[in-house]
Structures are given as C-alpha cells and as structure tokens.
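These are the residues of each chain, in order.
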Amino acid sequence: MGNEQGLLSQLQPIETDSLLRLIAMAMADERPDKIDVGVGVYRSSNGATPILSAVKKAEALLHERQETKSYLGMKGDTRYAELLKPIVFGDELAGDERIFSLQTPGGCGALTLAFKLVKAARPDARVLVGTPTWANHEPIIKGAGLKIVRYPYYLKDERRIDFDAMMEAMDAAEPGDVALLHGCCHNPTGADLDAGQWAKLRAKIADKGILAVVDIAYQGLGDGIDEDAAGLRGLVSACDEIIVAQSCDKNFGVYRDRVGCLFFKTADESQGKIAMDHVMQIAREMWSMPPDHGAAVVRTVLDDEKLRAEWLDELEIMRGRINDLRKRIAAKDPRLAYIAEQKGMFSMLPLTPAQVDGLREKYAIYMADSGRFNVVGMGDHDVDRFAAAVLEAMDG
Ligand SMILES: Cc1ncc(COP(=O)(O)O)c(C=O)c1O
C-alpha cells in the first residue's frame, strides 16, 4: 500500500444518534432518583424489562425438542408466519390467499424489505412520510433509494394530529406513490388516528391508488390485539395491494432476538408469487435467511393453547401498566390530560430541546430532545416527581 492512506481511513466521522448519546448519558448518571424515559423498551414497576413467562417456557420446550440447526429456508419459519397472520389480520382476512408472508429480522428487516420491494417495482416511487416519525424510518427509505415527501402529522404544541395536512398530502399524491403509516401506538407521539379518520384515509388511499406500507410494531400495547389492528385491517379490505411490516419484538418482549414478519397483499395470487420471488431475492442479498430462535419461540407460544393464553395475559398486564401510568400522569394537570388519550409506550411533551436539557440537568430526567418520552420508562413512584418537573419546565 506504500504511503497511500488506507481506504477505511478516508471515512469521515458521522454524528451519533442523539438517542444513543442520551442512553450513554443516562447510564453514566449516578443520581439515585434518575428517571430514564428515553429508551424505548417496556419496563415493569421495578424498572426491569422482564422476559415473559410464556417466552421462558417456550424456550425450555425448544431446548428440549429442537433436533437440528440446519438451514430453514429463505422464508424463515413458515409456521410462525402462518400463526401470526390471524393475529395481525383477524380470522376473516387470514384466509385470504393473496396475503403472502416472510419472516424477517425484526420490524427493521420487514421495513427494509418493504421499501426495497417498492424500489424494485417502481424505482421513482415517492414515499409520503408524516412527521415526526420513528427515527429509523427515513434512513431505511433512503437506504432503499426512494424519495421522501414529508407532511406534518402531529402538531406537538397543539397536542393533536394534523389530519387535514395528512389528507392534503394524500390528495397531492400520484397513483403509485407510497404512504408509510403507523398501524398503532404511533412512535414518537402516541397519537393514533381514530376510527373515523381511518375510514377517510382508507377511502382516499384506495381512490388515489396509493400503496400503503403499514408499520405495526406495538400491536396489543394500545387497546388490545384486535382494537390496535382495526385500522390496518380496514385498509387491507379496501385495497388490492398493501404491505405490512410487523414486529413481535415489543409485544413478546424479545427485542434482541429480532422477530418480525413482512406481509404483502397483491391483486391476485399469481402476482403475489412473482412479488415473493423478488422479496426472497432481496432478502438473500442482505441476510440470506432470518435468525431462527426468536421466531421459533413465538411460534411455540402461539402453537400451544396454554402458552398463547399466558402470553395474552402478560400482554394485558403490560398494556394495563402503560394505560394506568398514562392516566396517572394525565390526572396531574389539564395540560397533561392528552396523555391519557394516546396509545402505546410513547407520548411527546410540548418542550423545547433547552427545556429537555434543563430536566436532565436539574432533575436527572432523561428524554429525547423532541420531548418524546417512554411512559413505562418510569417507576410507579416516579409519576409525581416527573409530572411536577415537566410542568415546571413548561412554565419556564
Ligand atoms: C415504529 C417502529 N417500527 C419498527 C420498529 C422496529 O422494531 P424491531 O426492533 O423489531 O426492528 C420500531 C422499534 O423501535 C418502531 O418503533
């Protein structure tokens, strides 16, 4: 190589994700009353992110029963996807042969496949993205080489969805454009469409020939399995084509095991088979086949009546804790009342980055610069202190 600089030494530093910085700062903070509501994982009242008992039992069964670690095939665990289908789509739609599925490494894997599939089908498709959205959405869309068109989804200071702006964005779309939608428990705002808004949106999407890509990563953590999927199911019924990127990482608490699934519906089965060949080709270039363990655990839980019931009970407990904390925070002040109406782990406080910094410095309260906080990041005993500090910051 002589005196020439190595290739990798030509790389320029990139800015670290501000949330990752926040996590490191929170970990280093030794103040005993620290409240870390930055990270997006479920925590029980003692601050732990526990392994669900149904998951533990399924892992024990797998340990006993698994006889080979040989390759699974490019679609991953097909029984897993088959069992997941009625959970996501409901019993009626689950029988629709035009809905295809493939196991993915988490919701991220499903989203990546979804947008690369769009790119393969229509290289100049534009993706309508409501802001703010989950921090990894735009990088995944850009990584697939697609253009993004943003519209305001949520008005943080007014604590409400800008539904008119959403509909205007759909109106301005061309047939063949793509709309990225959150199935439920919107991250980062917690603000979900109501039934009436879903109905208007689905009529518009079907009418304009827009392809919806629905990201559903928190099913069951809002109002319930069926309730949380109602908007998505309505869309699936109304549209000939749709893509769904699903994750079990939160509702089974298996974050690090990377458990997701890509579903897509095409106008007819033969077109779906062609799309599946493309999806498998794309997956092959990236990870060849998905990791087995997490999906095998979910499959084992869903395939066993008792374990399935136990999982549903545990999911209900998680959901109950989220909604209980929401109500308790909301009851502290009318300015926080909106938090009780929102869904899932996140809500967004109308705070400036400077106010967020102030909360961290003065009260050891850690949240994202945007004011997004994880409702279940705090312990039961933290609610009073959290609400008082936030209200003080709002006044300041
Ligand atoms: C909205 C949303 N979609 C998808 C994902 C991806 O989840 P996974 O960890 O399964 O890749 C997340 C994770 O935080 C998310 O918040």
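Residues numbered from 1 in each chain as written. Predicted model: local features only at pLDDT ≥ 70, side-chain atom pairs only at ≥ 80, totals over all residues.

**Details of the overall build of the protein chain**
Operational definition: Here a strand is any run of E in DSSP of at least two residues, a helix any run of H or I of at least four, and the numbering for each starts at the N terminus. For a compact globule the rule gives 2.2 Å times the number of residues to the power 0.38, and the radius of gyration it is set against comes from C-alpha atoms. Exposure classification rests on a simple neighbour count of other C-beta atoms within 10 Å of a residue's own: a residue reaching 20 or more is buried, one at 12 or fewer is exposed, and one in between is partly exposed. C-beta atoms are placed from the backbone. Working definition of a contact: two residues with C-beta atoms, positioned from the backbone, lying within 7 Å.
Looking only at helices and strands, the protein chain has 14 helices and 13 strands in total. Here the C-alpha atoms of the protein chain give a radius of gyration of 22 Å, agreeing with the 21 Å that 2.2 N^0.38 yields for 396 residues. Within the protein chain, the fraction of its 396 residues that count as buried is 43%. Intrachain contacts of the protein chain at a sequence separation of at least 6 include 75% that bridge at least 24 residues.

**Overview of the nonpolar core**
The following threshold applies: The term nonpolar core refers to a set of buried Ala, Val, Leu, Ile, Met, Phe, Trp, Tyr and Cys residues connected through C-beta atoms within 7 Å. Domain delimitation follows an automatic or database domain assignment.
Within the largest apolar cluster, 108 residues are counted, with the highest numbers of intra-cluster contacts made by A114, A212 and L262. Residues lining this core come from more than one domain, with at least three contributed by each of domain 1 (8-51 + 320-395) and domain 2 (66-291). Other than its neighbours up to four places away in sequence, L262 contacts S101, L102, T104, A110, L113, A114, A245 and V279.

**Here we look at the sheet that holds strand β7 (residues 178-182)**
Where strands meet in a sheet, backbone hydrogen bonds hold them as pairs that are either parallel or antiparallel. Rule in force here: Think of it this way: DSSP has to see at least two bridges between two strands before they count as a pair. Axes here mean lines fitted to C-alpha atoms, for a helix over just the part in contact, with angles spanning 0 to 180 degrees between N-to-C directions.
Spatial ordering of the open sheet is given by β2-β10-β9-β8-β7-β3-β4, a layout of seven strands whose pairing is mixed. Strand pairing shows two members of the sheet lacking a second neighbour, β2 (99-105) and β4 (147-152), which therefore form its edges. This sheet shows a mean twist of 20° between the axes of neighbouring strands, independent of strand direction. Summarising the sheet, β7 and strand β8 (residues 211-216) pair through five bridges and their orientation is parallel. Pairing of A179 across the sheet is with A212, part of β8. Where helix α6 (residues 163-171) meets the sheet, its contacts fall on β3 (126-131), β4 and β7, and the angle it forms with β4 comes to roughly 145°.

**What to know about the site of the ligand**
What counts, and what does not: A molecule or strand has a residue near it when that residue's C-beta atom, placed from backbone coordinates, lies within 6 Å of it. For this classification, the nonpolar set comprises Ala, Val, Leu, Ile, Met, Phe, Trp, Tyr, Cys and Pro, the charged set comprises Asp, Glu, Lys and Arg, and every other residue, Gly included, is treated as polar.
Neighbouring residues of the ligand: G40, G106, G107, C108, W134, N187, D215, A217, S247, D249, Y255 and G260. Broken down by element, the residue count for the shell around the ligand peaks at three residues, all from helix α4 (residues 106-121). Taken together, the residues of the shell around the ligand sort by class into four nonpolar, six polar and two charged.

**Considerations on the pairing of β3**
Looking at chain direction, β3 and β4 are connected through six bridges and run parallel. Across the sheet, L128 pairs through a bridge with V149, a residue of β4. Both β3 and β7 contribute to a ladder of three bridges, which runs parallel. Its bridge partner being in β7, V127 is matched across the sheet by V178.

**A few points about unusual backbone geometry**
That bond from T131 to P132 is cis: its omega, -5°, falls within 30 degrees of zero. Inspection of the secondary structure assignment puts P132 in the loop between β3 and α5 (137-143). Omega for the peptide link from N187 to P188 comes to 20°, which places this bond in the cis form. Along the chain, P188 falls in the loop between β7 and α7 (195-208). Of note in this structure, S288 is not a glycine but carries a positive phi near 65°. On the basis of neighbour count, S288 is assigned to the exposed category, with 10 C-beta atoms found within 10 Å.

**Some details on the domain arrangement of the protein chain**
The domain boundaries assigned to the protein chain delineate domain 1 (8-51 + 320-395) and domain 2 (66-291). A C-alpha centroid distance of 27 Å is found between domain 1 and domain 2. In this complex, domain 1 contributes 19 residues to the contact, which on the side of domain 2 involves 20 residues. The element that contributes the greatest number of residues to the side of domain 1 that touches domain 2 is strand β11 (residues 346-348), accounting for three residues.

**Topic: helix α14 (residues 383-395)**
What counts is decided by this rule: By this rule the span expected of a helix is its residue count minus one, scaled by 1.5 Å.
Given a rise of 1.5 Å per residue, 13 residues ought to cover 18 Å, and the 18 Å separating the end C-alpha atoms of α14 matches this to within 8%. Where α14 is buried, its residues touch β1 (35-36), α11 (305-330), α13 (353-363) and β12 (365-366).

**Here we look at the pairing of β8**
Applied cut-off: Look down the strands so they point away from you; if going from the first strand over the helix to the second traces a clockwise path, that crossover is right-handed.
For β8, the buried fraction is high: six of the six residues fall into the buried class. Both faces of β8 are covered, namely the face carrying L211, V213 and D215 and the face carrying A212, V214 and I216. Pairing analysis gives five bridges linking β8 to strand β9 (residues 242-247), with the strands arranged parallel. Paired with D215 across the two strands is A245, which belongs to β9. Each parallel crossover has a hand, and for β8 linked through helix α8 (residues 225-238) to β9 it is right-handed.

**Some points on the packing of α4 against helix α9 (residues 269-286)**
A pair of packed helices can be characterised by two numbers: the angle between their axes and the separation between those axes. Definition in use: For classification, angles of less than 35 degrees are called roughly parallel, those exceeding 145 degrees roughly antiparallel, those between 65 and 115 degrees roughly perpendicular, and all remaining angles oblique. Whether a crossing is left-handed or right-handed is set by the direction in which the near helix is turned from the far one by less than a right angle, anticlockwise for left-handed and clockwise for right-handed.
Contact geometry for α4 and α9: axes closest at 10 Å, N-to-C directions at 120°. Relative to α9, the element α4 lies oblique. For the pair α4 and α9, the crossing hand works out as right-handed. The residues of α9 that touch α4, namely those facing L113, K116, L117 and A120, are A275, H278, V279, I282 and A283. Here the residues of the contact of α4 with α9 sort into seven nonpolar, one polar and one charged.

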